[in-house]
Amino acid sequence: MIPHHPKPTVLLWADVSYTDMEEIDNTKSTPELKRVLCKLLGIQMNQSMTRVLSNMYLHALLFCRRTGLNREQTSVLLSIIKAIHAANVETLLNNMDQCFTFCSELLLCHSSMRPPFSIDLFNSEQMTQILQYLVNIYFRHFSLYKYIFTTQVQLNLSLSYSEIPGAIESGSSGAT
């Protein structure tokens, strides 16, 4: 499948609502946070894939808490990561450049006030921190995520030669 360039949109409360953020804020233990994130983000896959995704979102949530992002910003960052991940795994082809461009466009979409196309949610310092986080955590492991979450395709190639005189009749076992 040929990758398409997704269009950046405002993701405020797209995947995680305000009441969902209240539930996340009231959850303190790590295993419970993982369970809540899986439920809210609709992660239902085999065990190893669930662990990888739940860890990715848990670390993003911990990053948001560590940098002091509010509920709206945290909701948007989780949705940005989900959108980037979906763009990554939509194709077997290497689309890191397109995903990084999409990531930058999503961050810009949430850092300037131009309704209805963008909202002023992140300041320039927060954008820099988020972009550094995404580069260090997601894009550094981009190929790994693609390998784990993209359906693998195997090519079975069988060649048969016709009208090659003496290839089969002579009893030769190798190619001529």
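Further up the page is the structure itself.
To start, this report covers the structure provided alongside it. (Residues numbered from 1 in each chain as written. Predicted model: local features only at pLDDT ≥ 70, side-chain atom pairs only at ≥ 80, totals over all residues. Heavy atoms only, no water.)

1. Looking at the overall build of the chain
Inference 1: On a plain count of helices and strands, the chain comes out with seven helices and two strands.
Inference 2: Counting from the amino terminus, helix and strand elements in the chain follow one another as α-α-α-α-α-β-β-α-α.
Inference 3: In the chain, which comprises 176 residues, the share counted as buried stands at 36%.
Inference 4: A separation threshold of at least 6 residues defines the contact pool for the chain, and within that pool the share at least 24 residues apart is 67%.
Inference 5: Within the structure as shown, the chain displays about 10800 Å² of accessible surface, and the carbon and sulfur contribution to it stands at 56%. (Helix = DSSP H or I, 4+ residues; strand = E, 2+ residues; numbered from the N terminus. Buried < 20%, exposed > 50% of the residue type's maximum accessible area, 1.4 Å probe, protein only. Contact = heavy atoms within 4.5 Å. Areas by Shrake-Rupley, 256 points an atom, 1.4 Å probe, with all protein chains shown as cover.)

2. Some thoughts on the pattern of salt bridges
Inference 1: Under the defined criterion, the tally for this structure stands at five salt bridges.
Inference 2: Between Lys39 and Glu23 there is a salt bridge, and its shortest N-O distance comes to 3.1 Å. With Lys39 in helix H2 (residues 30–41) and Glu23 in helix H1 (residues 18–26), this residue pair connects regions lying 16 residues apart in the sequence.
Inference 3: The partly exposed category is assigned to Lys39, whose relative accessible area is 46%. (Salt bridge = Lys/Arg side-chain N within 4 Å of Asp/Glu carboxyl O.)

3. Some thoughts on the packing of H1 against helix H4 (residues 71–89)
Inference 1: Close contact between H1 and H4 brings their axes to 10 Å; oriented N to C, the two are set at 100°. It follows that H1 is roughly perpendicular to H4 by the angle criterion. Here Tyr18, Met21, Glu22 and Asp25 of H1 lie close against H4, whose contacting residues are Arg71, Glu72, Thr74 and Ser75.
Inference 2: A per-class count over the contact of H1 with H4 returns two nonpolar, two polar and four charged. (Axes fitted to C-alpha atoms, helices over the stretch in contact; angles between N-to-C directions. Parallel < 35°, antiparallel > 145°, perpendicular 65-115°, else oblique. Nonpolar A, V, L, I, M, F, W, Y, C, P; charged D, E, K, R; others polar.)

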